[in-house]
Amino acid sequence: MPTNQRKLPAAFFQRPDVLQIARELLSKHLYTSIDGVVTAGRVVETEAYRHEGDNSLAMHLQRKRNQAKGLHVPGGQAYIYTVYNRYALFNIATHDADHPDAVLIRAVEPTIGISEMLARRGLPAAKRALTAGPGVMSQALGITPVLTGLPVTGEVLWFEDHGEAIADTDLVASARVGLEYAGLEAAGLPWRFRIRGNDWTSPAN
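Attention here is on the structure that accompanies the text.

Scoring rules and cut-offs
- Residues numbered from 1 in each chain as written.
- Predicted model: local features only at pLDDT ≥ 70, side-chain atom pairs only at ≥ 80, totals over all residues.
- Heavy atoms only, no water.
- Phe/Tyr/Trp six-rings, centres within 6.5 Å; stacked < 30°, edge-to-face > 60°.
- Buried < 20%, exposed > 50% of the residue type's maximum accessible area, 1.4 Å probe, protein only.
- Helix = DSSP H or I, 4+ residues; strand = E, 2+ residues; numbered from the N terminus.
- Lys NZ or Arg CZ within 6 Å of the ring centre and 35° of its normal.
- Salt bridge = Lys/Arg side-chain N within 4 Å of Asp/Glu carboxyl O.

### Brief notes about the packing of aromatic side chains
A full pass over the atoms with the stated rule returns five aromatic pairs. Both rings, one in Y79 and one in Y81, keep their centres 5.6 Å apart while their planes meet at 45°; by these two values the pair is tilted. By the burial criterion, Y79 is buried, and Y81 matches it. Ring geometry for F90 versus F159: centroids 6.4 Å apart, planes at 10°, classification stacked. Here F90, found in strand β4 (residues 87-94), pairs with F159, found in strand β6 (residues 157-160); they are 69 residues apart in sequence, far enough to count as distant. Residues F90 and F159 agree in their burial class; the two are buried. In textbook terms, an aromatic cluster arises when at least three aromatic residues are bridged by ring pairs, as seen for F12, F13, F90 and F159. Directly above the ring of F12 sits R15, whose terminal nitrogen or CZ lies 4.4 Å from the centroid. Cation over ring: R176 sits above Y49, and NZ or CZ is 4.6 Å from the ring centre.

### With respect to the pattern of salt bridges
Summed over all chains, the structure comprises nine salt bridges. E109 is paired through a salt bridge with R42; the nearest N and O atoms lie 2.8 Å apart. Here E109 is found in strand β5 (residues 101-112), whereas its partner R42 is found in strand β2 (residues 37-49), with 67 residues between them in sequence. Overall, the relative accessible area of 13% leaves R42 in the buried class. With a closest N to O distance of 3.3 Å, R120 and E116 form a salt bridge. Residue R120 and its partner E116 are located together in helix α4 (residues 114-121), separated by four residues, close to a single helical turn. What emerges from the salt-bridge pattern is a single network uniting E45, E47, R106 and R192.

Here it is, written out as structure tokens:
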């Protein structure tokens, strides 16, 4: 169950600066409790998406108009959708209903429930492929689109602050992954954040 004094409150996700939220989620611990099974991992990679100045999110809001209503909510709710009819991507809506910004959790370093993660992924041993990448991470943690709309401050999904701060020198900011379709400007925005030298960040450059 959540350690309430450590759990991130909704106010953390309702701040206006999605880039700050994406950076500060690094080193926080993401927990899931699915059918009574708790799994968790330390967040090591995120991406920020902003409704202003980010053509990739503008295109998403247009193409997935009905689904994207899940971003027009108070910050702190899960927004999960499937790509390639296979991979569930776990995003958190931030700010408020009038500002459909989001943070994508791309990778975690597994900490709790590793045997369950391995079973879900069909892997014999813990290695980078277990949780390094947004689709495989969601699979390992049991995150599926049916969880869309749930608070990330609840009993199924939550984040905890274990008192670790990431120094600026240990943070890598680079272009987000797979956004060439949105144009050079959006594709080049340095809104992907990683912990430098961590073995569990996704393999994409």
